[in-house]
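# A structural walkthrough
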Amino acid sequence: MKQGLDFEQLTPPVLSEEKLQEKLVQRTVRRVTVLLAAAGVLLEAALIAFGITFAGQYPFLPAACLLHAVLSAAGSSVIAVIFTQKGGNSI
Amino acid sequence: MSIAGITPILFIILLIPVLIGIYVYRDARRRKLNAPLWTLVAALAPSFIGFIIYLLVRSGSPDLCCPNCHQPVQPRYMVCPRCGAKLHLACPACAQPVEPDWIACPRCAAELPEQQSDVTPPVRRKDKELGRILIAVILVPALMIVFILTRTMFDPGSSSFSSYTESEYFAQQESESIAIKVQEWMAEFSPSSGQAYALRYDYRSGDHNEYFYLICIPGAGEQHLAEFGQSAGLLRPTLSLNLTNTGGSSMFYAVTSTAKKPPRLKLSLDGKRIPCQTTVVDYNPTLHYIVPNYSDAVLQEEAAEIFLPERITVSKIVRNHNTAAVAVSEEEMFRLLSSLDSAPYLDIEHTIYPQPDGSGGYDFKDGFDIIIEYRVHSEYVLHNDMIHCLVLEQNGAYYIIDSYRPDDGRFIRQTTGEFYDMLQHLFEE
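These numbers come from a predicted model, not from an experiment.

Definitions and limits used
- Residues numbered from 1 in each chain as written.
- Chains lettered and ligands numbered in written order.
- Predicted model: local features only at pLDDT ≥ 70, side-chain atom pairs only at ≥ 80, totals over all residues.
- Heavy atoms only, no water.
- Pairing = 2+ DSSP bridges.
- Helix = DSSP H or I, 4+ residues; strand = E, 2+ residues; numbered from the N terminus.
- Contact = heavy atoms within 4.5 Å.
- Buried area = accessible area lost by both parts, 1.4 Å probe.
- Salt bridge = Lys/Arg side-chain N within 4 Å of Asp/Glu carboxyl O.
- Polar contact = N/O pair within 3.5 Å; in protein donor to acceptor, adjacent residues only side chain to side chain.
- Nonpolar A, V, L, I, M, F, W, Y, C, P; charged D, E, K, R; others polar.
- Expected span 1.5 Å × (residues − 1).
- Buried < 20%, exposed > 50% of the residue type's maximum accessible area, 1.4 Å probe, protein only.
- Patch = residues over 30% accessible without salt bridge, like charges linked within 9 Å, V, L, I, M, F, W, Y side chains within 5 Å.
- Areas by Shrake-Rupley, 256 points an atom, 1.4 Å probe, with all protein chains shown as cover.
- Phe/Tyr/Trp six-rings, centres within 6.5 Å; stacked < 30°, edge-to-face > 60°.
- Axes fitted to C-alpha atoms, helices over the stretch in contact; angles between N-to-C directions.
- Parallel < 35°, antiparallel > 145°, perpendicular 65-115°, else oblique.
- Left-handed = near helix turned anticlockwise from the far one by under 90°.

Read across the open sheet, the three strands follow the order S2-S1-S3 (chain B); overall the sheet is antiparallel. If you trace the sheet from one side to the other, it starts and ends with strand S2 (72-73) and strand S3 (123-124) of chain B, each paired once.

Where the parts come together, the accessible area they lose is often given as the size of the interface. If you look at the interface, chain A gives 40 residues, while chain B gives 43 residues. Where chain A abuts chain B, roughly 3,500 Å² becomes buried across the two surfaces, and 79% of that area is made up of carbon and sulfur atoms. The three residues of chain A that bury the most area against chain B are A:Leu36, A:Phe50 and A:Tyr58, which together make up 17% of that side's buried surface. At the boundary of chain A with chain B, the tally comes to zero salt bridges. On inspection of chain A and its partner chain B, the count reaches three residue pairs in polar contact (both at pLDDT 80 or more). Of all the secondary-structure elements, those providing two or more residues to the side of chain A that touches chain B are helix H1 (17-53) and helix H2 (60-85) of chain A. It is H1(A) that contributes the most residues to the side of chain A that touches chain B, 24 residues altogether. Considering only residue class, the side of chain A that touches chain B consists of 25 nonpolar, ten polar and five charged.

Moving on, we come to helix H1 (residues 7-30) of chain B. Residues and elements named next belong to chain B. Taking 1.5 Å of rise per residue, 24 residues should cover 34 Å, and H1 covers 35 Å from first to last C-alpha, within 8% of that figure. Among all positions of H1, only Ile9, Ile13, Ile16, Ile20, Gly21, Tyr23, Val24, Asp27 and Ala28 are buried. Of the residues one or two after H1, Lys32 is the one with positive phi, at around 60 degrees.

This part takes up a nonpolar patch on the surface. Nonpolar side chains collect at one region of the surface, where A:Ile48, A:Ile52, A:Leu66, A:Val70 and B:Leu235 lie side by side and expose about 450 Å² of accessible area between them. Within the residue set of the nonpolar patch, elements represented by two or more residues are H1 and H2 of chain A. One can find A:Leu66 in helix H2. With a relative accessible area of 51%, A:Leu66 lands in the exposed category.

Before going further, it helps to examine the side chain of B:Asn284. One can find B:Asn284 in the loop between strand S12 (276-281) and strand S13 (312-318). Within the structure, the side chain of B:Asn284 is placed 2.7 Å from the side chain of B:Thr286, a separation counted as a polar contact.

Residue and element names in this part refer to chain B. Within this structure, the stated rule accounts for 16 aromatic pairs over all chains. Relative to Phe252, the ring of Tyr169 has its centre 4.8 Å away and its plane inclined at 50 degrees; by these criteria the two rings are tilted. Residue Tyr169 is found in helix H5 (residues 166-172), and its partner Phe252 is found in strand S9 (residues 251-258); the two are separated by 83 residues along the sequence. Across the pair, Phe252 and Tyr169 agree in class, each one buried. When the centroid spacing of 5.4 Å and the interplanar angle of 85 degrees are considered together, the rings of Tyr353 and Phe411 count as edge-to-face. Of this pair, Tyr353 sits in the loop between helix H7 (330-342) and strand S15 (368-376) while Phe411 is found in the loop between strand S18 (397-402) and strand S19 (412-415), placing the two residues 58 residues apart along the sequence. Residue classification places Phe411 among the partly exposed positions, given a relative accessible area of 25%. Ring pairs connect the aromatic residues Tyr164, Tyr169, Phe170, Trp185, Phe189, Tyr197 and Phe252, which therefore count as one cluster.

Residues and elements named next belong to chain B. Across the seven residues of strand S8 (residues 238-244), five count as buried, placing the element largely inside the fold. Bridge analysis of S8 against strand S10 (residues 264-269) gives six bridges, and the strand direction is parallel. What sits directly across from Asn242, in S10, is Ser268.

All names here are of chain B. Between H1 and helix H2 (residues 35-44), the shortest axis-to-axis distance is 8 Å and the interhelical angle comes to 150 degrees. As far as their axial angle goes, H2 and H1 are roughly antiparallel. Judged by the sense of rotation from one axis to the other, the crossing of H1 with H2 is right-handed. Side by side, H1 and H2 meet where Pro17, Ile20, Gly21, Val24, Tyr25, Ala28 and Arg29 of the first sit next to Ala35, Pro36, Trp38, Thr39, Ala42 and Ala43 of the second. Residue classes in the contact of H1 with H2 are distributed as ten nonpolar, two polar and one charged.

Right, here's the structure in full:
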């Protein structure tokens, strides 16, 4: 992205505190979303490892954890598609 | 099947949606959103999908407050209804909202001043709770992974090892049927294949697992053990056996391993890794004894035959010295073993133990003498170290004196009247 601004040709944008706050909120939401997505992946990995570790004592655990992972992946895909189609770039 | 063993982990996993639910409910109420609906969506959708949706949707309903009096305000308010602070730029003529880069009001065409210094825009509420939630949702799975890795990588279990020549093994093997099966197994060996052969027997009793290996490397001579050990692995432990080839007839290596999962065999001969063909069998091929525990055993009433996999059985119950023994059915045997193994040991300070000052002690006058012997596969084998218990009643309490498996000097267990009555009932019959 071009960082400089040609002040002789272009008028710099007028900034207000409201606009800056809005920008700040957008960045925070983006950062939180990325962190939550990473936490979700981490949780799925932990659940699958948990299921495998205790499979000997609890045979239903791997199946339950796998089902959870599949549901999460399907849900995440749907959300990603909707988010992109409904103007996710503006966030 | 009980889930008591994993309850703390399940509790921690369930704690995350509860925390998210509480946060979303409070936040949605402040923003005048449908709090119950968003709480359900955020808490129940897997992998924080609902929470992410909520965070995106809530941006349209900002949580604002007046910078002057800190009371909640709506984005459309021109002034704070409580303190009167000016929150947005407005046209001085018609009081309609305007933007800072406009030079004229679009409604009344009045010229706008270049600067309005008395405007203090509403501020967003600081969201410290969201930071805490984020820390929790990242820390909990991270700690879970650390816990699982610790459990799998740092719990190698334990193992014991012994070696025999072929003649020593068959001389000490008390079970003829096992000796025959081992000979049949040896007949399948291919000395030129350069691989090792192993028989494995899995013994499980509740959470306690033991794996008995009998290993042989045909055609490699009487190998001397260079190194032996059990180490932790990512999914299961590894049992390493490093041998040196000295020529001569083959040897047997017996290994008993206690671990949560059957260990992976890693055999090396003269420093070179060799493959091993492992066969899982339903008998203990080693000369190591199994000392089972019946305390958590469950009798399956519907089973046509009571299966006693632990290969141990009550051989004799004698009322008192030199009296005749009674025969016990398998069901009675099961109940006896279960009662014996679940009886807790009494502390050494208990009056049933002989005390240094001469007080205490027990008097076996009219109790029961229980002899328990090992059963190897289908045969009963008596050993010198077989379990010998005395069951007695003293001052209205019932005790088991167990000299075979003393626990830190404690060898007397407390039992119940029902157990004593069961023994009496056997003799009445």
